[in-house]
Amino acid sequence: MQETLRRLARIFVTYSIKIISLLLAVSIISFALVCASPVDPVQQYIIGLGTAVSPEQRAEIEDYWGVNEPPVERYFTWLSELLQGNMGESSIYRRPVSDVIRERFFNSLALMLCAWTLAGAIGFVLGCIMGMYQDKWQDNILKKICYILSSVPTFWLGLVFLLIFSVWLKWFPIGFSSPIGITSDNVTIWQKIYHLILPAFTLSLLSFANIALHTRQKLVDVLNSEYVLFARARGEGKWTILRRHGLRNILIPALTLQFASFAELFGGSVLAENVFSYPGLGSTVSAAGLSCDVPLLLGITLFSALFVCVGNMIANLLYGIIDPQIREVGA
């Protein structure tokens, strides 16, 4: 027990150092890119006000934001405020950045979890089917579908699904996370799920093809192994072989790829949320970038990096729980 606790403590300390180093590098690079942007944040803020601003008022805004200070001084000022828990105020929403991220994060998390679950389930099942029917017509058709979907851009696929299922068939709403004209307090869970189905399914197609093709190849290797040939010689059927020998050998690789695809889903959600007008972090960071909302843009960038790093750390810890061999090697 003590050895397990020491091992977990070493893993936690190691990942904490890596996460802190990565966040520091991301903050420096993001701040440098924002400073090098040709978009003037003060001008964008004035345009958002919708009123005329005198040169004196503009100068006061510039002094308040510190845009005339050297970039290094501005970075350390922003970093010191961040370390105190102050992420600044969004110029678009006129609210603290932390409140905007907290509100939009839960919408994005629901979308990504649904898409992540769908991608894993669909990819694993299709991979098993392709592996069991290797080089037959079922395998050839499913492989072609996977190759096509893995090369299709998410935003284009989302537009096609909107046209078919929302405009023509009218099965799903065109966008948003809830019906228009209803306050958030009156929206039921079924209405949220109804608005979530189409964007989640579209986002799931971003990574399920890789899982399916990877699972197929692993299953083919298992079925060509000597112990499976021996099981066939004993009279075991192919579905019995899959249940007894195949699943336990292909589950860990599929699970590894499934966790690795979560970061990819996080990036793909930006396109999916913009296509479906879904109010999550993806659409928010796009709006922040177009309007040059520097505090919100930097806050979402750091939060996204932290979220992906923590997710990868949890995945690596789960590997040791699921597969004892990984736990012994990492000990």
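Please read all numbers here as calculations on a predicted model, not as lab measurements.

A.B. asks: Looking at this model, I keep getting lost on the pattern of salt bridges. Mind explaining?
C.D. replies: Following the criterion strictly, the structure yields four salt bridges and no others. Its salt-bridge partner being Arg-95, residue Glu-103 comes within 2.8 Å of it at the nearest N-O pair. What makes Glu-103 partly exposed here is its relative accessible area of 40%. Relative accessible area serves as the criterion here: at 32%, Arg-95 is assigned to the partly exposed category. Here Lys-143 ties to Asp-139 by a salt bridge, and the two come within 4.0 Å at their closest N and O atoms. Here Lys-143 pairs with Asp-139, and both are found in helix α6 (residues 137-151), just four residues apart, close to one helical turn. Per residue, the accessibility class of Lys-143 equals that of Asp-139, and both read buried.

A.B. asks: What is the right way to read unusual backbone geometry from this model?
C.D. replies: What you tend to see is this: most non-glycine residues have negative phi, and most peptide bonds are trans. One non-glycine residue with positive phi stands out, namely Arg-94, at about 55°. A positive phi angle, close to 55°, is found at Cys-292, a residue other than glycine. Looking at where Cys-292 falls in the secondary structure, it is placed in the loop between α12 (281-291) and α13 (294-322).

A.B. asks: Is there a simple way to think about the packing of aromatic side chains in this case?
C.D. replies: In this description, a pair of aromatic rings is defined by centroid distance and the angle of the planes. A full pass over the atoms with the stated rule returns twelve aromatic pairs. Ring geometry for Phe-165 and Trp-171: centres 5.9 Å apart, planes at 40°, overall tilted. By way of ring pairs, the aromatic residues Phe-161, Phe-165, Trp-171, Phe-172, Tyr-194 and Phe-201 are connected into one cluster.

Each value, and the rule that gives it
- Residues numbered from 1 in each chain as written.
- Predicted model: local features only at pLDDT ≥ 70, side-chain atom pairs only at ≥ 80, totals over all residues.
- Heavy atoms only, no water.
- Salt bridge = Lys/Arg side-chain N within 4 Å of Asp/Glu carboxyl O.
- Buried < 20%, exposed > 50% of the residue type's maximum accessible area, 1.4 Å probe, protein only.
- Helix = DSSP H or I, 4+ residues; strand = E, 2+ residues; numbered from the N terminus.
- Phe/Tyr/Trp six-rings, centres within 6.5 Å; stacked < 30°, edge-to-face > 60°.

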